[in-house]
Amino acid sequence: EFSSMSTIERTLSIIKPDAVAKNVIGQIVSRFEQAGLKVVAARLTQLSRAEAERFYAVHSARPFFKDLVDFMISGPVFVQVLEGENAILKNRDLMGATDPKKAEKGTIRADFADSIDANAVHGSDAPETAAVEVAFFFPQIDVHGR
Ligand code: RTP
Ligand code: MG
């Protein structure tokens, strides 16, 4: 049930190629579930270069863009829509800092990521990006849960 006062949100999570290759999809999804986030849509998919460039278009002018896209298409990714109380911020907290060396102990990136490029997970960073990113992978899903 979603009322206009609810803080229930939906957000996009991607388990990146490094974590899929390490066989830790289940361990990462468990962390979401244990934190009260519910998987409401999910699939394993291989991004094309064009899709990865479009998904990360906001970073297209950054020096790391080519490496980011190369990495994101290096193997399958597991994309999910997570739902729950403050899901966007909760997911970002579970993920930890972008650079795993700076990520807090017990976060997904501290425990599973190898580098700032191979950093295990992506998560939408705001309601606006969650709406765009959920629609990117799951056009049939309403980001507001209605
Ligand atoms: P994400 O979008 O993947 O959830 O990660 P994020 O919000 O923590 O970081 P963001 O600034 O959005 O950057 C997207 C991805 O680009 C790579 N990156 N590399 N070499 C670098 O300085 C650098 N900075 C960012 C990371 O893989 C990051 O996840
Ligand atoms: Mg980001």
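Note that the coordinates shown come from a computational prediction; the quantities given were computed from them, not determined experimentally. (Residues numbered from 1 in each chain as written. Chains lettered and ligands numbered in written order. Predicted model: local features only at pLDDT ≥ 70, side-chain atom pairs only at ≥ 80, totals over all residues. Heavy atoms only, no water.)

A count of helical and extended segments in the chain gives 7 helices and 4 strands. Along the chain, helices and strands appear, N-terminal first, in the series β-α-α-β-α-α-β-α-α-β-α. Against the globule reference of 15 Å for 146 residues, the chain gives a C-alpha radius of gyration of 14 Å, in line with a compact fold. Structurally, the chain occupies a C-alpha span of about 40 × 35 × 25 Å along its principal axes. (Helix = DSSP H or I, 4+ residues; strand = E, 2+ residues; numbered from the N terminus. Rg over C-alpha atoms; globule rule 2.2 N^0.38 Å.)

Attention now moves to the site of ligand 1. In the region of ligand 1, 14 residues are neighbours, and Tyr 56, Thr 98, Ile 116, Asn 119 and His 122 sit closest. The backbone of Ile 116 places a nitrogen or oxygen atom 2.7 Å from an oxygen atom of ligand 1. Side-chain polar atom of His 122 to an oxygen atom of ligand 1: 2.9 Å apart, as the coordinates give it. A total of 560 Å² of accessible area belongs to ligand 1 in isolation, and the protein chains cover 80% of it. With respect to the detected pockets, ligand 1 is housed in the largest pocket. (Near = heavy atom within 4 Å. Polar contact = N/O pair within 3.5 Å; in protein donor to acceptor, adjacent residues only side chain to side chain. Areas by Shrake-Rupley, 256 points an atom, 1.4 Å probe, with all protein chains shown as cover. 1 Å grid on protein atoms, 1.4 Å probe; cavity = no way out; pocket = protein on both sides within 12 Å on 5 of 7 lines; lining within 4 Å. Sits in = over half its atoms within 2 Å of the grid points.)

Let's shift gears to the sheet that holds strand E2 (residues 38-45). Pairing is antiparallel across the open sheet formed by 4 strands, whose spatial order is E2-E3-E1-E4. Edge positions in the sheet fall to E2 and strand E4 (121-123), since each of these pairs with one other strand and no more. The average angle at which neighbouring strand axes cross in this sheet is 20°, direction not considered. As paired strands, strand E1 (residues 8-15) and E4 are joined by 3 bridges and run antiparallel to one another. Bridging from a neighbouring strand, Ile 14 pairs with His 122 of E4. (Pairing = 2+ DSSP bridges. Axes fitted to C-alpha atoms, helices over the stretch in contact; angles between N-to-C directions.)

What follows is about the UniProt feature "binding site: ATP" (unreviewed entry) in the chain. Feature annotation in UniProt places "binding site: ATP" (unreviewed entry) on Lys 16, Phe 64, Arg 92, Thr 98, Arg 109 and Asn 119, given in this structure's numbering. Among the annotated residues just listed, those that line the largest pocket are Lys 16, Phe 64, Arg 92, Thr 98, Arg 109 and Asn 119. Positionally, Arg 92 belongs in helix H5 (residues 87-95). Residues contacting Arg 92, with those up to four places away along its chain left out, are Gly 123, Ser 124 and Asp 125. Considering the arrangement of structural elements, one finds Thr 98 in the loop between H5 and helix H6 (108-112). (UniProt positions renumbered as here; feature names shortened; annotations may be inferred. Contact = heavy atoms within 4.5 Å.)

Bringing the nonpolar core into the picture now. In this structure, Leu 12, Ile 14, Met 72, Phe 137 and Phe 138 are the most contacted members of the largest nonpolar core, which totals 21 residues. Those elements that place two or more of their residues in this core are E1, helix H3 (49-55), helix H4 (65-72), strand E3 (77-85) and helix H7 (127-137). Ranked by residues supplied to this core, first place goes to H4 with 5 residues. With residues up to four places along the chain from it excluded, the contact list for Phe 138 reads Leu 12, Ala 41, Ala 42, Arg 43, Val 79, Gln 80 and Val 81. Grouped together as the second largest cluster of nonpolar side chains are 17 residues, Leu 82, Met 95, Ala 113 and Ala 120 included. (Core = buried A, V, L, I, M, F, W, Y, C linked by side-chain atoms within 4.5 Å. Buried < 20%, exposed > 50% of the residue type's maximum accessible area, 1.4 Å probe, protein only.)

Further remarks concern H5. Every buried residue of H5 is listed here: Ala 87, Ile 88, Asn 91 and Met 95. Seen end-on, H5 carries its buried residues on one side only, within an arc spanning 105°. Pointing more than 90 degrees away from the buried face of H5 are the exposed residues Leu 89 and Asp 93. (Arc of directions from axis to C-beta.)

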